[in-house]
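Chain by chain, the residues:
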Amino acid sequence: MGTRIGYAVGAFDLFHVGHLNLLRHAKQHCDILVAGVVSDEMLRQVKGIEPVIPTAERAEIVRHISFVDDVYVETTPSKMDSWREVQFTHFFKGDDWRGTDKGLRLEREFAEVGVEVVYFPYTAHTSSSSLRRALDAITAGATLGGAPALATR
């Protein structure tokens, strides 16, 4: 068997333990792990969200995680474009994608080029979406005359 090159992609905005778990599990299943960081433009276009942390900073954070061997910034929505650039043999994703239309389409496309899709348990108790909601609630409370989120002395 040749070198197993893994690819785990995410926004990695508001980095949390779920992101860390994905990268840790991925590294256990490959020789080289490339983390795909979705660019600000792609987050706006595909997910309709404004990133809190800019692409370059997110890439720098992820690059310094011990499990990660390299970082690739995704600038198109096509995972096949990423595959053509990175040439990974294994694609890692949270199991919240398993059985979904997106997940099944990804599995079919990658099967055609010999890439194995591997799912890992999704960390349901922590997500960037829940962190965004919490930040929005804190911000809303502060603008409605509530106590400031950070007190100064």
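Calculation criteria
- Throughout this description, residue numbers start from 1 for each chain and increase along the sequence as written.
- Since the coordinates come from a predicted model, pLDDT governs what is reported: local features require at least 70, and pairs of side-chain atoms require 80 or more to be given and counted, while whole-chain, interface and lining totals use all residues.
- Hydrogens are left out, water is left out, and the side-chain values use all remaining heavy atoms of the structure.
- Exposure classes here rest on a 1.4 Å probe applied to the protein chains alone. A residue is buried below 20% of its type maximum, exposed above 50%, and partly exposed in between.
- Think of it this way: any DSSP run of H or I at least four residues long counts as a helix, any run of E at least two long counts as a strand, and we number them from the N terminus.
- Whether two strands pair depends on DSSP finding at least two bridges between them.
- Look down the strands so they point away from you; if going from the first strand over the helix to the second traces a clockwise path, that crossover is right-handed.
- Residues grouped as a nonpolar core are buried Ala, Val, Leu, Ile, Met, Phe, Trp, Tyr and Cys residues, joined through side-chain atoms within 4.5 Å.
- Whether two residues are in contact is decided by their heavy atoms, any of which lying within 4.5 Å being enough.
- The arc under discussion is defined with respect to the helix axis, by the directions toward the C-beta atoms.

By the naming in an unreviewed UniProt entry, the protein goes by Glycerol-3-phosphate cytidylyltransferase and is assigned to Microbacterium hydrocarbonoxydans.

**Student:** Is there a simple way to think about the pairing of strand S5 (residues 116-120) in this case?
**Tutor:** Each regular strand displays side chains that alternate between the two surfaces of the sheet. Taking burial as the measure, the 5 residues of S5 include 4 buried ones, the bulk of the element. For strand S4 (residues 90-94) and S5, the ladder comprises 5 bridges, and the chain directions are parallel. Within the sheet, the bridge partner assigned to His90 lies in S5 and is Glu116. Traced from S4 through helix H5 (residues 101-112) to S5, the parallel crossover comes out right-handed.

**Student:** Teacher, can you tell me more about the nonpolar core here?
**Tutor:** Looking at soluble globular proteins, one finds that nonpolar side chains tend to be buried together. The biggest cluster of nonpolar side chains holds 18 residues, and the ones touching the most others in it are Ala8, Leu23, Leu33, Val62, Val68 and Phe92. In this structure Ala8 touches Leu22, Leu23, Ala26, Leu33, Val34, Ala35, Gly36 and Phe92, once residues within four positions along its chain are discounted. Listed in part, the 17 residues of the second largest apolar core include Met42, Leu43, Phe88 and Leu106.

**Student:** So what exactly am I meant to see when it comes to helix H3 (residues 55-63) here?
**Tutor:** Think of an α-helix as turning once every 3.6 residues; residues three or four places apart then point the same way. For H3, the full list of buried residues reads Thr55, Arg58, Ala59 and Val62. Looking down the long axis of H3, one finds its buried residues gathered within 100° of arc, a one-sided arrangement. In this structure, the buried residues of H3 make contact with helix H1 (17-27), strand S2 (32-38), helix H2 (40-47) and strand S3 (70-74).

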